[in-house]
Structure formats: C-alpha cells, structure tokens
Amino acid sequence: MNLTLKVWRQAHKNAKGKMETYQMKEVSPDMSFLEMMDVLNEQLMAEGIDPIAFDHDCREGICGMCSMFINGEAHGPDRLVTTCQLHMRKFKDGDTITIEPFRAKAFPVIKDLTVDRSAFDRVQQAGGFVSVNTSGNTQDANAIPIDKHDADKAFDAATCIGCGACVATCKNASAMLFVSAKVSQYALLPQGKVEATDRVLNMVKQMDEEGFGNCTNTGACEVECPKGISLENIARMNREYLSASLKG
Amino acid sequence: MLGLYTVILNHKLKLMTLTASSIGRKVAMALSGIFLVLFLTQHFSINLLSVFSESLFNEVSHFMGNNPLVQFVLQPVLIFGVLFHFIMGFILEFQNAKSRTVKYSNYKGSANASWMSRNMIYSGIVILSFLGLHFYDFWVPEMKYKYVEVLPLNPDRYFEELVHKFESPVRVGLYVLSFVFLSLHLLHGFSSSFQSVGVNNKYSKSIKTFTKAFSIIVPLGFVFIALFHHLNAF
C-alpha cells in the first residue's frame, strides 16, 4: 500500500507544533500500526530527519502506552483495540492518515505524539488502592467469599489499562470513564468498602483539579475504549459520590 | 443548640463540596432537566385540551393563572429551574471548552456519539431563544394584564388568546422549528439525566425507549396543536 501520513510534529512541550506530511511506499497490510511507524522512522532517519516520538511498550494491548489519535479516533478506526493492535489492513491503498497526540489540557504534549498522562497516576494515588495491614495477620483475599456477579463486574472494571482513550475521545476531555473504572473495581469488592467514602471523594477531587472536562454522557468513551469499559461504571461512581458526599 | 448548628453547618459544607464538583454539577443539571420534563408534560396536557374543548381549556388555564400556589410558589420555582438549567449548561460548556485548548485537526465525533449528544448547547440555545420569545409573547402580557393594569378577571379569554397567537405563519414556523430542536435536546437529555443520577441497570433500556417515544410524541403534539389552531383560523 502507498500512504500519505499527516503527523503532528512538536519539538518539545513548549514548542509550537504543526502537521507534517510524509509519503510511505509499499506498506504491508500485515504490519501493525506501530510497525508502520517504526518503518517511517527508519525512513526519516535515513533522510536525516528527527524520528517521530511516540509511546509504546508491550505492543500486545496490555500496557496502555500507545496513545495515537488516528483519522479522528483514539487508537484508530478499529474497535476494542489499542494502536499496537491496529493493523494496516484496516486502511486502503492511497489513503491519507492523520496522526495526532491524545489532546487534553490535562495531557500536555511532551514531544510529537507522546503526552504526559501522569494526571491519571495522581488520580490513582488519591484513592485507587486498598490499604492492607501487613503485620502478618492479613486475611487471604481468596478466603473472602464474593458474589460471582460482583466479582465479574469488578474484574471488568479492573481491565482498564489507563491508556486515556476515553479522555482523548470525549468532546469535553472528561476522565469519568477511567476514574469510574478505578472506583468501581474496589466499590464492588468487600476489601474496597472500608475506604469507599474517602476513595471516591478524593479521586473525584483530584480528577477535577487536573483540569479534565465534565461528562455529558455522549458515550463516546465507551465506544472507543480498547477494553470495553462500560458507562455503567460512571453511573456507579455517581451513586458512590452522591452517597459519600451526603455521608461525608 | 450548638450541636444543631454544627449539624446544619456540616450539611451546608457537604452540599457546597457536592455542588462544586463536576459530578455535583452534572447531577444538578440532570435534576433540573427532569423537573423541566415534568413541567413540559403538564404544559402539553393543558395545551392539548384546547384541541378538544374550549371551555375545559379556559377553565384549567384560569385555574393555573390565578391559583396562588401555582402563581407564587410553582411559577417562581419554574423560572428558577429554567434559569438554573441554562446558566449551568453555559458554565459546563465554558469549562469543557477549557479542557482541550489545542483542538484536533481531524475529529470524527460522529463515529462514536450521536449528533444530539454532541450538540446539546446548540439545541439548548435554540430552545432558550424560543423561551425568550414565549416569555415576551405570553408571560409579559399575562403579568401586565394581571398585576400592572389589574384588569378584571375573565375566565373565557384564554382560548381566544391562544388561537390569536397561532394566526401568524411566521410565529407558527418559529414554533415548529423550536420544537424540532426541543425533540433533539430531549432525545439525549432525558435518558442521560437518569445516567447522571446513577441509574444504569436493567431498566435503562426501557428508559431509553421511553425517552425516544416522549421526545418525539410530545414535541410533535405541540406542533400539531399549533398547526391545528393555525389552520382552523382560516
């Protein structure tokens, strides 16, 4: 396949970026999108051009590092996949592909297509954990009976890889799907109930402080989430937050 | 006494924290929306009476226009609800615009969300413009009639006034256009308000079906009433 790529280039955080156009020839449809980017970088280096910086790590849809906004959609046109799982067979010969970083005030661009998603880490640090007494008499988690339905829902929420596609996709750059997944995975389990009130209040407070937008229930986050995290989690977080606010 | 004061202060602080948060604002938006939907249903029911019975419409309108509870309690609550919903809508829109300072050069919003959900502010602005016209057209003359000029009560004037309002084809045209946008606004807003207050369960599918039916039937009904009186005037 021959492709025209329009890629966001930005030298550093404070530099003014712009879209640059590159031509690629004989791209294999069996390549993953990141492999195609690797080939493009080799091509650019051969031409003496600075290679394009982009995030990647596991390249098997687990780590949540790859974060490209491809042809107007987070992780590209395919569903339930990350950018590393997107294959070039999803495009046609002669296509023009636009590649941009995930854009949100809370995700500032570091360079080219890499963005700083440490806002998610700070939200997680604000309450996305269970405090465990490690004095030696901690109960084995597997010894606590948990309803299968709740365990499944908690697991579904826990599959969130924190890639930020929900924020990138949302027209308001809202982080509600990510935060609600992290709140839900604990809210559904007995181990998480002890700190449930503080957790939801602190995580939502941190989310608001990071500058994410307000959720308007468009549902775009659920559609673009590579792990299929459901909007049900947002409703659960809203309930948890209302109840925690009134309980204090 | 000090204990009671502490309890009240504590609750006040909790409410302030709640309303200052993004979820609190979202819930407030949803609750005011549900309240306005209830008002819309009541308004539609009364307007519909005008198609079937002139006397019944006059009777109910006279009651609504002169009952102290409706006039001095429900009416101010309604005005507050309308203003709150719109002001909060603009605040949320302003905050959301600030959350992405650099826009995408290619953003395919239609790939993952409905037009209605992405353009609530625009459908809302059209509805707000209509409400401005409606206040100027109905509420201001009504207030003038009752409280400024203090004209004698006339229980039979309402139907005639309503028919007179729908004589102008321009006004009917604006009315129809506004209700098209109201329908679009409700198609997302109604079921969305349930999600905002935390309802996402086995009833959600039924809520979405009811939302679709309500959002089409009620605005269409308002349009029917307007056209009915407009065409009957000739």
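Note that the structure is a prediction, hence the values are computed from the model and not measured.

### Points about the overall build of chain A
Along its length, chain A carries nine helices and seven strands. Along the first, second and third principal axes, the C-alpha atoms of chain A reach 60 × 35 × 35 Å. Looking at chain A as a whole, 47% of its 248 residues are labelled buried.

### A few points about the overall build of chain B
From N to C terminus, chain B includes nine helices and zero strands. Listing each helix as α and each strand as β along chain B from the N terminus yields α-α-α-α-α-α-α-α-α. When the backbone C-alpha atoms are referred to their principal axes, chain B occupies close to 60 × 55 × 35 Å. Scored against the burial criterion, the 234 residues of chain B give a buried share of 25%. The contacts of chain B with a sequence gap of at least 6 include a subset with a gap of at least 24, amounting to 85%.

### Structural notes on helix 4 (residues 68-98) of chain B
Every α-helix carries 3.6 residues per turn, so stepping three or four residues along brings you back to the same face. Residue and element names in this part refer to chain B. Taking 1.5 Å of rise per residue, 31 residues should cover 45 Å, and helix 4 covers 44 Å from first to last C-alpha, within 8% of that figure. Its maximal kink placed at Leu74, helix 4 deviates by approximately 35°, while the proline Pro76 follows within four residues. Here helix 4 has its buried residues at His85, Gly89, Leu92 and Asn96. Packed against the buried residues of helix 4 are helix 2 (22-52) and helix 6 (120-148).

### A short note on the nonpolar core
By size, the foremost hydrophobic cluster in this structure holds 77 residues, and its most contacted members are Cys166(A), Val167(A), Ala175(A), Leu177(A), Phe178(A) and Val179(A). In terms of residues, this core owes the most to one element, helix 5 (residues 176-187) of chain A, which gives eight residues. There are two domains that each give this core at least three residues, and those are domain 1 (3-111) and domain 2 (117-247) of chain A. Residues within four places of Val179(A) in sequence aside, it is in contact with Val123(A), Met203(A), Val204(A), Met207(A) and Met237(A). Core analysis: the second largest hydrophobic core is formed by 13 residues, Ile127(B), Leu186(B), Val218(B) and Phe222(B) among them.

### Describing the packing of helix 4 of chain B against helix 6 of chain B
Residue and element names in this part refer to chain B. In contact at an axis separation of 11 Å, helix 4 and helix 6 are set at 145° when each is read in the N-to-C sense. Remark: the crossing between helix 4 and helix 6 carries left-handed chirality. Here Val82, Phe86, Gly89 and Glu93 of helix 4 lie close against helix 6, whose contacting residues are Ile121, Gly124, Leu128 and Leu131. Partitioning the contact of helix 4 with helix 6 into residue classes produces five nonpolar, two polar and one charged.

### A short note on the interface of chain A and chain B
Taken together, the contact between chain A and chain B spans 38 residues of the former and 37 residues of the latter. Within the residue set of the side of chain A that touches chain B, elements represented by two or more residues are strand 5 (96-101), helix 7 (196-209), helix 8 (220-224) and helix 9 (232-247) of chain A. The element best represented in the side of chain A that touches chain B is helix 9 of chain A, accounting for eight residues. The residue inventory of the side of chain A that touches chain B, partitioned by class, reads 14 nonpolar, 15 polar and nine charged.

### Remarks on the environment of Pro68(B)
All names here are of chain B. The topology assignment puts Pro68 in helix 4. Its 7 C-beta neighbours within 10 Å are what place Pro68 among the exposed residues. It is 23 Å that separates the C-alpha atoms of Pro68 and Ser32, two residues lying 36 residues apart in sequence.

What counts and how
- Residues numbered from 1 in each chain as written.
- Chains lettered and ligands numbered in written order.
- Predicted model: local features only at pLDDT ≥ 70, side-chain atom pairs only at ≥ 80, totals over all residues.
- Helix = DSSP H or I, 4+ residues; strand = E, 2+ residues; numbered from the N terminus.
- Buried ≥ 20, exposed ≤ 12 C-beta atoms within 10 Å, placed from the backbone.
- Contact = placed C-beta atoms within 7 Å.
- Expected span 1.5 Å × (residues − 1).
- Bend = angle between axes of the 7 residues up to and from the residue.
- Core = buried A, V, L, I, M, F, W, Y, C linked by C-beta atoms within 7 Å.
- Domains from an automatic or database assignment.
- Axes fitted to C-alpha atoms, helices over the stretch in contact; angles between N-to-C directions.
- Left-handed = near helix turned anticlockwise from the far one by under 90°.
- Nonpolar A, V, L, I, M, F, W, Y, C, P; charged D, E, K, R; others polar.

It is worth stressing that arrangement in space is one thing and function is another; only the former is reported here.
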